[in-house]
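The primary structure of each chain is shown beneath.
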Amino acid sequence: MAKAWNSLTLSLLVVAACRTAAPARITRLPDPTRPPLAGTPLTPDQWEAARATVALAEGGDFGGAVTKAGSLPGGHPVSILVDLEIRFLRGEAVASRTLELTKANPGYGSAWALRALAARDEGDLRGALVAARTVAGLQPDAGWNRLAADLEFSLAGKLLGEGRELLKNGDPQGALARARELSQVAPDNADARFLSVRAFLALGDTRRAAELVPALLDSGEGLELKGRVAEALGQWDLALEFFGRLPADYPHRCELVGEARRAWRLGDAPPYLTKALSESPLRRKGLAAIIAWEVPSLAKMASAVVPVFDDVVQLPEGRDVVTVARAGVILGDAIERRFGPGRIVSPREFAATLERLAKVLGEPAPVWCPSGERDCRQLPEVVEGSSAAELVLQVAGAGGDPCTQR
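Residues numbered from 1 in each chain as written. Predicted model: local features only at pLDDT ≥ 70, side-chain atom pairs only at ≥ 80, totals over all residues. Heavy atoms only, no water.

As a packed pair, helix α4 (residues 77–89) and helix α6 (residues 109–121) sit with axes 11 Å apart at the nearest point and diverge in direction by 25 degrees. Compared by their axis directions, α4 and α6 come out roughly parallel. Handedness of the α4/α6 crossing: left-handed. Contacts between α4 and α6 involve L81, L84, E85 and F88 on the former and, on the latter, S110, A111, L114, L117, A118 and D121. (Axes fitted to C-alpha atoms, helices over the stretch in contact; angles between N-to-C directions. Helix = DSSP H or I, 4+ residues; strand = E, 2+ residues; numbered from the N terminus. Parallel < 35°, antiparallel > 145°, perpendicular 65-115°, else oblique. Left-handed = near helix turned anticlockwise from the far one by under 90°. Contact = heavy atoms within 4.5 Å.)

This brings us to unusual backbone geometry. In this structure, the amide linkage connecting P35 to the following residue, P36, adopts the cis form with an omega of -5 degrees. Tracing the backbone through its elements, the reader meets P36 in the loop between α1 (2–19) and α2 (44–58). Cis geometry marks the peptide bond from S280 to P281, where omega comes out at 0 degrees. For P281, the location among the structural elements is in the loop between α15 (271–277) and α16 (284–294).

Right, let's talk about the confidence of the model for the chain for a bit. Residues shown with low pLDDT carry predicted positions that ought not to be read at fine detail. On average, residues of the chain carry a pLDDT of 89, and 91% of them reach 70 or more. Note that residues 1–20 has pLDDT below 50 and, in this model, zero contacts with residues that lie over four places away or in other chains. (pLDDT = per-residue confidence, 0-100.)

In this section: the nonpolar core. With 60 residues, the main nonpolar core has V82, F88, W144, L147 and L151 as its most contacted residues. Beyond its immediate stretch of four places on either side in the chain, V82 contacts P32, A50, T53, V54, A69 and L72. One finds L277, I291, V321 and A325 within the second-largest nonpolar core, a separate group that totals 38 residues. (Core = buried A, V, L, I, M, F, W, Y, C linked by side-chain atoms within 4.5 Å. Buried < 20%, exposed > 50% of the residue type's maximum accessible area, 1.4 Å probe, protein only.)

Turning next to the state of the cysteines. Counted according to the given criterion, the structure contains one disulfide. Across a sulfur-sulfur distance of 1.8 Å, C369 and C376 are joined as a disulfide pair. For the disulfide bridge between C369 and C376, the dihedral angle about the S-S bond is near 100 degrees, and by the sign convention the bridge is right-handed. Overall, C376 belongs to the partly exposed group, its relative accessible area being 28%. (Disulfide = S-S within 2.5 Å.)

A few words on the packing of aromatic side chains. In this description, a pair of aromatic rings is defined by centroid distance and the angle of the planes. This model, assessed by the stated rule, comprises one aromatic pair. Here the aromatic rings of F309 and F339 are separated by 5.7 Å at their centres, their planes lie at 50 degrees, and the arrangement is tilted. Here F339 lies in the loop between α18 (318–326) and α19 (347–361) and F309 lies in the loop between α17 (298–301) and α18, a separation of 30 residues in the sequence. The side chain of R284 reaches across the aromatic face of F339, ending 4.3 Å from its centre. (Phe/Tyr/Trp six-rings, centres within 6.5 Å; stacked < 30°, edge-to-face > 60°. Lys NZ or Arg CZ within 6 Å of the ring centre and 35° of its normal.)

Have a look at this one:
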């Protein structure tokens, strides 16, 4: 009798233990029974079966999980989510079906959570971020804010990379679209404003670019863009100020400073110099004007005695011709007392002129390609004003550094 009583007691204890056992633990996926829920209320057994099914699937027992899921009510939102979680763990693409579930049950937090995970894994960062932000609002204490932040960072990086690539490939409208979306994803993202300004400048919309300038940071890129907007507006003194504030190691700082300084000076240049810079092919009087303008220190070195060239006396470039001739950079005919101002500058004469300029300034002589040496300079087939000015600056500017003022 005592033995039978002990057996009955043991059975009752086992049953009681089963009824009070801790709920199944879910560690990797959203808990399908976590509030807020959708659909009709589940019974305690169904509630526990849903959790146990997902726990079995997380443990790799998909057969047991499918069997256990059979006890859930068909068509119920929780049952649908449990089935999708099993499929998700098996590696199936379920993002589209999670979207259907969330559309039908917009208040079901855990459905949004699985939607975020599935969309992320399938590369839909936009959909994943929307879902993560939604579930973070529905289940604020479940830690989904971290996923939302990670997705925001990833999507922002993707949009920025796409925008820069589009701009690089000549599609500023596409770049601007990415910048606008980036601003929506991350309103405080400075890169979105930088990309927008670059896109507006590429589109020639200086007004819209200028409207964004006050919001730009005084970082390296921010100062560069402020300077470029000032350039586009023709405010060269302001552009030079912004470029001058760039860090010394900022990429292309010297080029930016040099171009702005040159453009600022050209604003006060005489008309004949502007004409020379656009001339093709370039003539000797234009080359004299360009060298005298780009290398103002040359006037202090012009000490040689030269005759008065009869053919330049009435020319506006006359003073520049005298300067380069007295410096020994461009030679004239001392016997005939002629300079030949209208004669076209040949590539050979141009090369010889730059070599003499380098010697006068104490700079390394230019090395012309092809020469078998590194860092050679390409001699143009036709000497044009704009390219001639660039080569003059390279030869005369302390190794080509336009940051060096002469």
